[in-house]
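Descriptive structure summary
Here's the letter readout for the chains.
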Amino acid sequence: MRPTFDVIVLGLGGMGSAAAYHLARRGQRVLGLERFAPAHAHGSSHGRSRVIRLAYFEDPAYVPLLLRSYELWQELAPAGGAPLLTETGGLMLGRADSTLVAGSLRSARSHGLAHELLTAGELRQRYPQLAPSEDTVALLDPRAGFIDPEASVRVHLQQAAAAGAELHFDEPVLAWSAAASGDRVVVRSGRGEYEAGSLVLTPGPWAPQVLADLALPLTVERHVLYWFEPPGGVAPFAADRFPIYIWERADGVHFYGFPHQPGPPGGVKVAFFHVGSPCTPESIDRQVSESEVAAMRRCVRAHLPGLDGPLRHATTCMYTRTPDGHFVLARHPRHPSVILGSPCSGHGFKFVPVIGEILADLVTRGATAHPIALFDAQRFAPAG
């Protein structure tokens, strides 16, 4: 006889670990299945830091979800441990009419969020680490900061297990199926078969494979994260002196970065945003080329000259994107017992706890009070 659960969560990265936690807290008998070890570096939930911000340039519709996410991050902070969320303030830099600055300002004004607008001169005075051109302005989001992704996954998993979830690691899922009645699912792994009333799919960059039956227009991108050692030391880039930032260059390319974080790999992290090459989890090139490092260094030299020192570390991660850049959070259009919790288009980690809450709502209540109409998978269905 197959082991039976109320719900199975497929994939225990950022979204899956949070879903398992929220479901187990509600008394659900949860099985979580993960193909790698906990908090691994093979997908999209690693790299020591992820940006969190409120003045959301992508769409003001995200702001209510962000406000709830902040509450949940603070509730989740481990007792006596380092906080998962560090608020440093955040700069959205570019020309006044840039997508980044104009969109951030629209969200801030739409939701009455605290913010400042800074000129190039004010930026140089307040943040001498930056080298803005005269036509650069910035929106300062005082509540922006960063999340520790690996610690977040570990804490969610620990709390899920403490609430009774059964979590299996190093156990890839081979297939899943839903009963015609719509009230049962079967999941097959290399160790056997499991049955449940519901299935939550949070597969990250494996989404094109796991959701192949939906033929969603998903792409997976390879991205590179870099840590440079400031020649003058890390003190000017400490979290109490230097904020997170996203910068839209004159050519439309976005890059972003963080304050220094103590501990390995050292240095200060910076990366391009959505400047990546198509890949799959099986084909991704994990080596970082000299030409990639040189391109990042040219950007650093022009905009943050004090960071133009030795490369301490570089690693890759994957973004799974939709054509419109928005998430997919919805019921499977043909299988109501199956809930979709991926992809998040490279900007989802800040939402991890509220997405976990949403996925738990869809399983246990059949709906959620959170605004998720923007994320319906059926928006990609052919017209007619």
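Predicted, not measured: the structure shown is a model, and the values here were computed from it. (Residues numbered from 1 in each chain as written. Predicted model: local features only at pLDDT ≥ 70, side-chain atom pairs only at ≥ 80, totals over all residues. Heavy atoms only, no water.)

Structural notes on the nonpolar core
Residues Trp73, Val200, Tyr256 and Phe351 are the most contacted members of the largest nonpolar core, which totals 71 residues. The element contributing the most residues to this core is helix H8 (residues 352–364), with eight residues. The residues touching Trp73, leaving out its near neighbours within four places in the chain, are Ile52, Leu84, Leu85, Ile147, Ser152, His156, Phe349, Lys350, Val352 and Pro353. Membership of the second largest hydrophobic core comes to 25 residues, among which are Leu93, Val224, Trp247 and Cys299. (Core = buried A, V, L, I, M, F, W, Y, C linked by side-chain atoms within 4.5 Å. Buried < 20%, exposed > 50% of the residue type's maximum accessible area, 1.4 Å probe, protein only. Helix = DSSP H or I, 4+ residues; strand = E, 2+ residues; numbered from the N terminus. Contact = heavy atoms within 4.5 Å.)

Focus: the pairing of strand E5 (residues 90–94)
Of all five residues in E5, five are buried; the element is thus mostly enclosed. Across five bridges, the pairing between E5 and strand E7 (residues 137–141) is antiparallel. Opposite Gly94, over in E7, you have Val137 as the bridge partner. The pairing of E5 with strand E14 (residues 244–248) spans four bridges and is classified as parallel. Bridged to Leu93 within E14 is Trp247. (Pairing = 2+ DSSP bridges.)

Some remarks on the environment of Arg331
The residue Arg331 is located in strand E19 (residues 330–331) in this model. Note: C-alpha distance between Arg331 and Gly94 (237 residues apart in sequence) is 38 Å. Beyond its immediate stretch of four places on either side in the chain, Arg331 contacts Pro336, Ser337, Val338, Ile339, Leu340, Leu362 and Gly366. Side-chain polar atoms of Arg331 contact the backbone oxygen of Pro336, separated by 2.3 Å. (Polar contact = N/O pair within 3.5 Å; in protein donor to acceptor, adjacent residues only side chain to side chain.)

With respect to unusual backbone geometry
Here Pro264 and Pro265 are connected by a cis peptide whose omega angle stands at 5°. Checked against the element boundaries, Pro265 lands in the loop between strand E15 (254–257) and strand E16 (268–273). Residue Pro343 is bonded to the preceding Ser342 through a cis peptide linkage, with omega at 5°. Among the structural elements, Pro343 can be located in the loop between strand E20 (338–340) and H8.

Observations concerning helix H1 (residues 14–25)
Here H1 contains 12 residues, and its C-alpha end-to-end distance of 17 Å stays within 8% of the 16 Å for a straight helix at 1.5 Å per residue. Where burial is concerned, most of H1 is hidden: 11 out of the 12 residues are buried. For H1, the full list of buried residues reads Gly14, Met15, Gly16, Ser17, Ala18, Ala19, Ala20, Tyr21, His22, Leu23 and Ala24. Residues of H1 that are buried make contact with strand E1 (4–10), strand E2 (30–33), helix H2 (63–76), helix H5 (149–162), strand E12 (192–201) and H8. Where H1 terminates, the next one or two residues include Gly27, which has phi positive at roughly 85°. (Expected span 1.5 Å × (residues − 1).)

Fair warning: the whole summary comes from geometry, so function is off the table for now.
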